[in-house]
Amino acid sequence: MIKKAGRNTNFKVGAILLCLFLILLILSLICTPYDPNKMNTQAKFQPPSFQHLLGTDNFGRDIFSRVMKGAQTVCFVGFTSVAIGLAAGFILGAVSGYLGGPADEVIMRLMDAQMAFPGIILALVLITLIGPGSVSTALALGVTAVPRFCRITRACFMQIKELDYIKAAKSRGASVPRLIACHILPNMLSPLIVTATLAFSTAILAEAGLSYLGLGIQPPQPSWGKMLFEAQAYLLTNPWYAFIPGCMITLTVLGFNLLGDGLRDLTDTKTL
Amino acid sequence: ATQKEAAPENSVPPVTESASPSAAQSTPASDVTVRVALGSEPDNLDPMLSAATDTAAVMMNVYEGLMGFDQKGDFIPAIAQSYTAAPDGLSYTFTLKKGVKFHDGKDCTAKDVKYTYEKLAGLTGEKPLNSTLSQELVKVETPDDYTVVLTLKQRDAGFMSKTILSIEEEGYADNSTKPIGTGPYKFVEYIQGQKIVLEKNENYSTIAERKPTIGKVEFVIMTDENAKLMALKSGNLDIAGVSAPNAAALGDDFSIVQGPQNMVQVLALNNAVKPLDNLKVRQAINYAVNKDEIIGAVVDGKGTKVESFLSPSMATYYNDNIAAYKTDIEKAKSLLKEAGYEKGFDLTITVPSNYQTHIDTAQVIKDQLAQVGINVNIQLIEWAQWLDGVYTKRDYQSTIIGHSGKLDPQDFLNRFTSTYDKNYFNFTNPDYDKLVTEAAATTDISQRAALYKQCQQFLVDQAASVFIQDPHIIFAVSKKLDGLQIYPVTFFNMSDIHVKS
Amino acid sequence: MSAVEPLLELRDLSRYYRVKSKKNPFLKQQIKAVDRLSLSIYPGETFGLVGESGCGKSTAGHVLAGILPPTAGEIRYGGKSFSAMSGREKAAARREIQIVLQDPSASLNPKRKIGWIVGEPLLINADYSKQARQRLVAEMLETVGLDESCASRYPHELSGGQRQRVNIAAALMLASKLLVADEVVSALDVSVQSQILNLLKKLQRTRQLTYLFISHDLNVVQYMSDRLGVMYLGRLVEYGAVDDIYGDARHPYTKALLSTMPSVADRGVERIILEGEVPSLLAPPSGCAFHTRCRQARDLCRQTPPEMREICRGHYACCHFALENKG
Amino acid sequence: MRTAAYLIKKLLSASVTLAIISLLIFGVFQLLPGNPATIILGVDADPLQVQALSEELGLDAPPLQRYARWVAGLFSGDLGRSVRYQVPVIELIRQSLPVTASLAALSLLVTVALSVPVSIYLAKNNNKKLPTFISALMQVGIAVPSFWLAILLVMVFAVVLRWLPSGDFVPFSQSVSGALRSLILPAAAISIGTTAVVIRYLKNTMLDQLSMDYVRTARSKGLGKNKVLYRHVLKNALLPAITMLGMIAVDVLGGSIIVENVFNLPGIGRLIISGVGNRDFPLVQGLVFYLALTVVVVNFVVDLLYAAVDPRIRLK
Amino acid sequence: MEQLLDIQGLSVEVLNGGRYYKAVEQVGFQIGKGETVGLVGESGCGKSLTALSIMGLLPETARAGGRVLFRGRDLLSLTEEEKCVFRGRDISIVFQEPMTALNPLVPVGRQIAEAFLLHHTGSRAEAREAAIGMMRQVGLSRAPSLYWEYPHQLSGGMKQRVVICMALINRPALLIADEPTTALDVTIQFQILELIRQLNRTLSATVLFISHDLGVVKEVCSRLLVMYAGLIVEEGGTEDVLRHPMHPYTRQLLASIPTAQNRGRDLYSIPGAVAPLDKRKPDVCPFSDRCAQASAVCFSAAPALRGLNGRRVRCFLAGGEAIERC
Ligand SMILES: Nc1ncnc2c1ncn2[C@@H]1O[C@H](COP(=O)(O)OP(=O)(O)OP(=O)(O)O)[C@@H](O)[C@H]1O
Ligand SMILES: Nc1ncnc2c1ncn2[C@@H]1O[C@H](COP(=O)(O)OP(=O)(O)OP(=O)(O)O)[C@@H](O)[C@H]1O
Ligand SMILES: [Mg+2]
Ligand SMILES: [Mg+2]
Ligand code: NI
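With an unreviewed UniProt entry as reference, chain E is termed Peptide/nickel transport system ATP-binding protein, source organism Sporobacter termitidis DSM 10068. One UniProt comment on chain E, placed under Subcellular location (unreviewed entry), says "Cell membrane".

The name recorded for chain C in an unreviewed UniProt entry is Peptide/nickel transport system ATP-binding protein, from Sporobacter termitidis DSM 10068.

Quick look at the structure:
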């Protein structure tokens, strides 16, 4: 497995990118070169220099520090939303896939309904409803991710529950919770992990999209999406300001995507 | 008509940074189409039903009032040739110009004026559409086809600002869909979500200097700042309001026209909630906020600092000798200490998410207030929620918003009176109410101005809110066009525009 | 033989699957995978069950092992009907009936170590300390001829034969009495197959096990079983002692089956080539289900389903002409 | 008979889906704070105007009644009147549909036209340098935030090179080439992501198919590698990709929302955003309903298509 | 007898974890025209790789060495284009799994006709005629309507017939059948075996029949090759080999088959299992680790395939009396 991973370019590059992301994240938890929210209106739009590695923004805040701090936001939104989507999607998918019949029908119709209109609209409405902020952004994105997890869980359940080792466990008297916890779950872990990895990158992109629509993370909390959006106003005068968060998003999303693809290849699971 | 005195020092006159506007030797270009960005969807094309400034800015090309106004905010004759006010101030007699025609070719006469005003004031028995007029206007008489007499219930010095209301054709009911006015431009079409198209009114005669030259104008509805910028850059737009940072970046293809827009950006404090109900706290906030820094950081210096709830562009009424708060952190801290908030407190600034300027301002203020120990929490909410929660329900601590101006100071200052419907500041002070009422009834300009100046000082003393700046309106104008003027009330006066030779 | 009480008795046991009709998605159709199966299995014997693919052998085994509930009919275990048992008794009976499934690789959870898999039945059904469990697992692994080190390995690290041993070990963990062996050697090579068959024989001797031995390999069934049942399209068509059936099959299907059985030894029997394929269970033929492929079929066969007839003691066949079909 | 029953079943589940959607939207709108009349008229509104407008909009009626009215209207083919624009919703859809529809169609076309040949190429040359590079490029394409990508596209092609307009839709009726020109960049912005996703999927299914037994059988007949690919593998690989069409349709519609804003295209997506902002219940309900209907119909068509192409479904 | 296929020193190496392992070694045998030769051995001993290397259809991760002479031409040295020409025309193959061997989206008849058109210049109608004719010949009744049916509509046995049809439509000189009946039921298996026998008789098709089931091979083949761990360990006439196996492996294999005779007794069982590719030792007798008779010499060197009484065997001990019974 490890050997195979070493030969999978997707996995390798993805892992490297994510390691970089993690290093940035951990460093940001320890300290940042400047207070990411400290303004210095005298020193706005300083180009990258030794003092400000990535320059300063329109309020003279150190972009590098904000990028670092933004990694935390990305991480929070990503993890929370994936956790929410995963938890809800798993439960629904499990019920749907294990029971089948009317429960399955109802849940699948609900999922269809949600899939039938664009996630960004759903997130938009949800955030409007519960108010903006990183928590509600994560929640809204989590909700939009539910069908994805629900479907994969359902598919896995339907597939695995017919397998011989489930039958064998059943004949030995295993209860349904036990079947799920000890037999089905461990075997659907890889598609779930792959889906979660890919959902993570979707969440990062969706956060940026929401920022573009004026919602999402509350300023001045740094978030890459918000930074990118704010930087658009200075695209012509100070292009590097937009370039940095854009690249951060792209690289992180790329990292997660590649990792997810790599994992998919390595574990040979089929997900969309 | 009202006369403005010499422009005060701190009001910045409209400046055209590029070619001089006096190069008036313009080529009439009937086949030119000028595309102007419009920041929001029109609310209603019928001026009687419309309240949005952007809509009016467009439709004032189509409609005209008895009077018009110029760049300085002075009233100029429009449909009315002249007027006289009765000495007791209770009636106004307007003599109309002859030969003014609606776009459908009908003459504009006194009966149209009567129809308009009676409808607005609800004198016909229907529901009134304008609350001021419904309270003030008693009757409208037309001694002859070209004379109109408006009779008021009480003296109102601000009545002149009601003379610019658009005159609509009597009996014509389709103004919402197919507006017909007397203005220099005729309405062609409105495609929801896309654009309003106007074309030159060849027969226009009302105001000589407003004879149109541009053949066709398209007001393109563009809500996205970047889309606007890109459209300008790629030549899809000719005129657009742009943000300060973008103005600098547009380069040589555009000239930049900027100036104060008679707007006050305010950090509105809810005077009814803790701890903002404490005068000392409000004063402390005023001391802590550094307006110059905000102007520098947020609008790139393209704003005029204001000290009261009135824009300096209302030169006559603006109190430029106001005893204002000079930024003073120590003072602010000691005030907070006196108020019992030595350790500071949490303050939520609720900001509508669609105004980047206000969001940026909030960020700077957060930074500034942090120095005196006030921990600001910025809460972005959707515009609809802002209107509902903050503006209507007054359920907030503080907010940042811009109030755009009317031609009369009353419209600004009565927002703080306790009876005013949308006094979302929750500022109540009987003395202030009295002052405003008194000023409204005073017809003498200088006396009136003195009273309003007193009002302003009052608001400052009470630290009713933090009055920040009049952010300049900045237009990028294609180099092939010329002549754009800025008015104290948002107005895309297309008659000013001409093609450069 | 009849003096002994049967360990397991099936009375008209049926298992139907409901599947969506392919013609009309609103309708459900029934597949009678096992239809009124009646047989007895005596303690200590090996009862073989043969038949072509899809005839319902596995389904019957699954119903016995409690993987699937029966649609109708009765299962009596140790003289008592399942439906009459208390929950506790039922659970005890279930523990005594265990199943080993066909595919040695698919029937082991790939994410669990062998030790865990073998010990799982204990984990579910009894309260043992971890040490005790490990000891029992080690003992059991030894019993089935596996190295103790296997306990810490994953299924994919074992060979097919070893995996099948693990399956058997897990099934025996609960001191089961009746083992349903569903095609346990079909996926294995001859050399490995003989190892497993030997193991099964040994276990039967040492543990007094009773087997329901399902297979489609007639050689293996003949070798393993004491008695034998032949299934066709969900029904039992013939059963009896192995020698009776191999020596004197009375159902034409059994005859054909036996005659086509490839063998390394020379057998001078006439070959009966069955024409065509097994009909669909969705639309089973009327009358005798075998009439579509039967050379002897007459009108009677097409109309009336035959009854099970006794040929000689303990040898039954379900054919209208069972008695005439001698030799 | 078979097909009819299949159709009816699909239709039933589709209508359930639509009913759920409509109820959800309605519920959400009841919870959203904000009054359309205030929003339309803004800060400077006269209270009298607000009241007049509220009455005119029929906003005073109890919510359930409004919903019932909406549903009743639906059955008579009337989606109601937009609160904000004061025109029938159907009229607005009629205006904006051509934009979104042509944008979606173009994006879909680009996606299909690009992904099929590229994925064939990638599948044929798995593990070689250039194909790996193309794959990597596609990955980057997915990873770029869509609005940033859109803006960058405009910067390069509209602002710097001036090859294409930066936005603003030219109706087809006015100029077909103009319309196409105005759609190229937005369609590119949308389809880069979807193309990458489809290529990834197609390539994988193609590789899967190439390892299938029937390929070996076909080769053993004497078919060359390429012939096997085109004659046998392609059809089998495209088949599962058909089911992706439904998903891509959702993606494309979702993508068009942001892209329409960046390019200032007067399409459905922009209308929806403004509808939510303006609490324009009939409009949003109508549009989302319309979108969902489109998606449901697309999925329906996909199902039929699948059934038509795949004999296993068609003839079973 | 005329030599049709002459394999000399064929070896196949497969890529496994970045390394090449020899999965087939020094395989050499001849097939005469009209012969039916059986190739038996346990799973993983390299039967399929041998067959695939004859066809030139080895997976990309495998490579073949040695010579495969077909009518005197070395097939291994042909270019891909040349291979395409002989494949399906001179040599055809039938694979194990009939369920997946057909393209599910193409009517079965078309798939047969395609094989015809690849090697004949004829119209589609002619191809169809030929296909239907062939379908009749392999015992597919109602051939004309079957022509337009899709694989999923056919049962396993019918599909296998279709595959055989496809393999035979160009009257190839050699038919390789790689476990064609393993996935089928006994009754169907018998039908297919009967068909192959009959084809051999009527069309005098030469058949290389691969199986792991000695009973099945006995049904169809006149000559037998036994493979173990990539090597041919014994060769001879079927009856001969089955009655008097010379290699311990063959003998032990036969002893472990359950039959009526050994009922009630334990079966003989060969201990252990075939060594996986990476654990094979090239310099000892490959069967030494499982062989009951193995002596010191077996662990010291690898035996060569040597002729013995008109048969060939790869064992040091074969021919001696000590090992006649096990
Ligand atoms: N879960 C299921 N749903 C519907 N039909 C089923 C299901 N499982 C089995 N069947 C059908 O029931 C019939 C009997 O199946 P079963 O698995 O018992 O056969 P079998 O004799 O064990 O065959 P094999 O030798 O192939 O294992 C078959 O026709 C099969 O298609
Ligand atoms: N493409 C491949 N890559 C790596 N190893 C392979 C490949 N194909 C076959 N092998 C290995 O080569 C050996 C021989 O394989 P082959 O398929 O020839 O066996 P076989 O005798 O046909 O077995 P079976 O009876 O299972 O079909 C096996 O150990 C197998 O694991
Ligand atoms: Mg079975
Ligand atoms: Mg093989
Ligand atoms: Ni008896």
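Trainee: Which parts of the structure should I look at to understand the overall build of chain C?
Mentor: Along chain C, the regular secondary structure elements total 10 helices and 12 strands. Here the C-alpha atoms of chain C give a radius of gyration of 21 Å, agreeing with the 20 Å that 2.2 N^0.38 yields for 327 residues. Expressed as lengths along the three principal axes of its C-alpha atoms, the size of chain C is roughly 65 × 50 × 45 Å. A burial count over chain C gives 56% of its 327 residues as buried. Counting only carbon and sulfur atoms, one obtains 49% of the accessible surface of chain C, whose full area is about 13600 Å². Both charge centroids of chain C, one from 43 positive and one from 34 negative side chains, sit 6 Å from each other.

Trainee: Which parts of the structure should I look at to understand the site of ligand 2?
Mentor: All names here are of chain E. Close to ligand 2 lie 15 residues; Ser43, Gly44, Lys47, Ser48 and Leu49 are nearest. The separation between an oxygen atom of ligand 2 and a polar side-chain atom of Ser43 is 2.5 Å. One nitrogen or oxygen atom from the main chain of Lys47 is found 2.9 Å from an oxygen atom belonging to ligand 2. Contact with the protein chains hides 70% of the accessible area of ligand 2, taken as 630 Å² for the molecule alone. At the level of elements, β1 (3-16) and α1 (47-55) are the ones that each hand at least two residues to the shell around ligand 2. If one sorts the elements of the shell around ligand 2 by residue count, α1 sits on top with three residues. Each residue belonging to the shell around ligand 2 can be placed in one class, and the counts come to seven nonpolar, five polar and three charged.

Trainee: What should I look at first to understand the site of ligand 1 in this one?
Mentor: Residue and element names in this part refer to chain C. Close contacts around ligand 1 come from 13 residues, with Ser53, Gly54, Lys57, Ser58 and Thr59 the closest. A distance of 3.3 Å separates an oxygen atom of ligand 1 from a polar backbone atom of Cys55. Separating an oxygen atom of ligand 1 from a side-chain N or O atom of Thr59 is a distance of 2.3 Å. Surface burial for ligand 1 is 65%, taken as the share of its 630 Å² of free accessible area covered by protein chains.

Trainee: I keep staring at the interface of chain D and chain B and nothing clicks. Help me out?
Mentor: A common way to state how big an interface is: give the accessible area lost once the parts meet. Taken together, the contacts link 40 residues of chain D with 50 residues of chain B. Of the roughly 3600 Å² buried between chain D and chain B, counting both surfaces, carbon and sulfur atoms make up 52%. Where chain D meets chain B, there are zero salt bridges. Linking chain D with chain B are one residue pair in polar contact (both at pLDDT 80 or more), by the criterion used here. Elements supplying a minimum of two residues to the side of chain D that touches chain B: α2 (36-41), α3 (47-57), α5 (89-124), α7 (146-160), α10 (225-262) and α11 (268-277) of chain D. Considering only residue class, the side of chain D that touches chain B consists of 21 nonpolar, 11 polar and eight charged.

Trainee: What should I look at first to understand the sheet that holds strand β6 (residues 91-94) of chain E in this one?
Mentor: Strand pairing in a sheet takes place through backbone hydrogen bonds and is either antiparallel or parallel in direction. All names here are of chain E. Read from one edge to the other, the open sheet built from eight strands follows the order β6-β7-β8-β3-β9-β10-β12-β11, with strand pairing classed as mixed. Each having just a single partner strand, β6 and β11 (306-308) make up the two edges of the open sheet. On average, each strand axis in the sheet is tilted by 20° relative to the strand beside it, whichever way the strands run. Of the strand pairs in this sheet, strand β3 (residues 36-41) and strand β8 (residues 206-211) are connected by five bridges, and their pairing is parallel. Each bridged residue has a counterpart across the sheet, and for Gly38 the counterpart in β8 is Phe209.

Trainee: Can you help me understand the interface of chain A and chain B in this one?
Mentor: In this assembly, 25 residues from chain A lie in contact with 29 residues from chain B. The junction of chain A with chain B conceals about 2300 Å² of combined surface from both sides, 55% of it contributed by carbon and sulfur atoms. Among the residues of chain A in contact with chain B, Phe59(A), Pro219(A) and Leu236(A) are the three that bury the most area, contributing 22% of the side total. Viewed at the interface, chain B and chain A are joined by zero salt bridges. Linking chain A with chain B are two residue pairs in polar contact (both at pLDDT 80 or more). Here the side of chain A that touches chain B takes four residues from helix α9 (residues 224-232) of chain A, the largest share from any one element.

Trainee: It is not clear to me how a nonpolar patch on the surface should be interpreted in this structure. Could you clarify?
Mentor: Residue and element names in this part refer to chain A. A grouping of Ile16, Leu20, Leu22, Ile23, Ile26, Leu27, Leu29 and Ile30 is seen on the molecular surface, where their side chains present a nonpolar patch of about 810 Å² in accessible area. With respect to the helices and strands, Ile30 occurs in helix α2 (residues 9-30). Taking relative accessible area as the criterion, Ile30 reaches 64% and is therefore assigned exposed.

Trainee: Is there a simple way to explain the domain arrangement of chain E in this structure?
Mentor: Residues and elements named next belong to chain E. Here chain E is partitioned into domain 1 (1-90 + 172-260 + 268-276) and domain 2 (104-171). Domain 1 and domain 2 are separated by 26 Å when their C-alpha centres are compared. The interface of domain 1 with domain 2 comprises 17 residues on the first partner and 13 residues on the second. Buried surface at the junction of domain 1 and domain 2, both sides included, amounts to about 1300 Å², of which 69% is carbon and sulfur. On the domain 1 side of the contact with domain 2, Pro172, Leu195 and Leu203 bury the most area, a combined 35% of that side's loss. Here domain 1 is connected to domain 2 by zero salt bridges. If you list the elements that add at least two residues to the side of domain 1 that touches domain 2, you get α2 (80-86) and α7 (186-202). For the side of domain 1 that touches domain 2, the leading source of residues is α7, giving six residues.

About the cut-offs
Residues numbered from 1 in each chain as written. Chains lettered and ligands numbered in written order. Predicted model: local features only at pLDDT ≥ 70, side-chain atom pairs only at ≥ 80, totals over all residues. Heavy atoms only, no water. UniProt positions renumbered as here; feature names shortened; annotations may be inferred. Helix = DSSP H or I, 4+ residues; strand = E, 2+ residues; numbered from the N terminus. Rg over C-alpha atoms; globule rule 2.2 N^0.38 Å. Buried < 20%, exposed > 50% of the residue type's maximum accessible area, 1.4 Å probe, protein only. Areas by Shrake-Rupley, 256 points an atom, 1.4 Å probe, with all protein chains shown as cover. Lys, Arg positive; Asp, Glu negative; His and termini not counted. Charge placed at Lys NZ, Arg CZ, Asp CG, Glu CD. Near = heavy atom within 4 Å. Polar contact = N/O pair within 3.5 Å; in protein donor to acceptor, adjacent residues only side chain to side chain. Nonpolar A, V, L, I, M, F, W, Y, C, P; charged D, E, K, R; others polar. Contact = heavy atoms within 4.5 Å. Buried area = accessible area lost by both parts, 1.4 Å probe. Salt bridge = Lys/Arg side-chain N within 4 Å of Asp/Glu carboxyl O. Pairing = 2+ DSSP bridges. Axes fitted to C-alpha atoms, helices over the stretch in contact; angles between N-to-C directions. Patch = residues over 30% accessible without salt bridge, like charges linked within 9 Å, V, L, I, M, F, W, Y side chains within 5 Å. Domains from an automatic or database assignment.

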